[in-house]
Amino acid sequence: MLDTGDTLPPGPRHLHMVRPNQPVWVDLKLVYPVSATKTRLPDGLDLTATVPGLLGMWRATTTAHWVGWVTFQLGPIGRGGTTHSQWVLAEALRPREERNAWSGSFPSERRR
């Protein structure tokens, strides 16, 4: 279910809270685009993985793209990994649950 967190006067809505937070998959290849592989480092961070995350809100950019505020883990905790919260382009996110449970959670699914 979407609940807006807008404090602006009525008009176009460009910020949408997602409550409760929704589970998503985060495609790190799209979040951190890197060039061709230089060499393999077995203990390096894998920026090509798809990792689970939690979506907390949507925000429109000045170019009309949507970004989601997502919390996700980058690398294994305890071995140099950390938890991150940051804006992620909508194209790098997809639901971790069935579509029926997502009604309206992605900007493209919102009813007009």
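Predicted, not measured: the structure shown is a model, and the values here were computed from it. (Residues numbered from 1 in each chain as written. Predicted model: local features only at pLDDT ≥ 70, side-chain atom pairs only at ≥ 80, totals over all residues. Heavy atoms only, no water.)

Notes on the pairing of strand β2 (residues 15–27)
Then, in step 1: Relative to strand β3 (residues 50–60), β2 runs antiparallel, the two sharing 9 bridges. From the neighbouring strand, P23 faces β3, where its bridge partner is L54.
Then, in step 2: Relative to strand β6 (residues 93–95), β2 runs antiparallel, the two being bridged by 3 bridges. For V26, the partnering residue across the bridge sits in β6 and is L93. (Pairing = 2+ DSSP bridges. Helix = DSSP H or I, 4+ residues; strand = E, 2+ residues; numbered from the N terminus.)

With respect to unusual backbone geometry
Then, in step 1: For the bond from R19 to P20, the omega torsion is -5°, close enough to zero to count as cis.
Then, in step 2: Inspection of the secondary structure assignment puts P20 in strand β2.
Then, in step 3: The backbone phi angle of A64 is positive, close to 70°, even though this residue is not glycine.
Then, in step 4: Along the chain, A64 falls in the loop between β3 and β4 (66–74).
Then, in step 5: We classify A64 as exposed; its relative accessible area is 61%. (Buried < 20%, exposed > 50% of the residue type's maximum accessible area, 1.4 Å probe, protein only.)

Here's the deal with the environment of G80
Then, in step 1: Inspection of the secondary structure assignment puts G80 in the loop between β4 and β5 (82–89).
Then, in step 2: Separated by 35 residues in the primary sequence, G80 and L45 have C-alpha atoms spaced 8.5 Å apart.

Some details on the environment of G81
Then, in step 1: Assignment of secondary structure puts G81 in the loop between β4 and β5.
Then, in step 2: In sequence terms G81 and G44 are 37 residues apart; their C-alpha atoms lie 9.8 Å from each other.
Then, in step 3: Apart from residues lying up to four places away in sequence, G81 is in contact with L74, G75 and P76. (Contact = heavy atoms within 4.5 Å.)

Focus: the nonpolar core
Then, in step 1: V26, L55, V70, F72, V88 and L93 are the most contacted members of the largest nonpolar core, which has 15 residues in total.
Then, in step 2: Taken together, the elements giving at least two residues each to this core come down to β2, α1 (28–31), β3 and β4.
Then, in step 3: Dropping the residues within four chain positions of it, V88 is found in contact with V26, V31, W66, V67, G68, V70, F72 and L93. (Core = buried A, V, L, I, M, F, W, Y, C linked by side-chain atoms within 4.5 Å.)

Focus on the confidence of the model for the chain
Then, in step 1: Mean pLDDT over the chain works out to 81, with 76% of the residues at or above the 70 mark.
Then, in step 2: Counting contacts from residues 6–11, a segment whose pLDDT is below 50, to residues more than four positions away or on other chains yields 3 contacts. (pLDDT = per-residue confidence, 0-100.)

What about the side chain of D27?
Then, in step 1: You can see D27 is positioned in strand β2.
Then, in step 2: Buried and unpaired, D27 has K29 as its nearest opposite-charge partner, separated by 4.1 Å. (Lys, Arg positive; Asp, Glu negative; His and termini not counted. Salt bridge = Lys/Arg side-chain N within 4 Å of Asp/Glu carboxyl O.)

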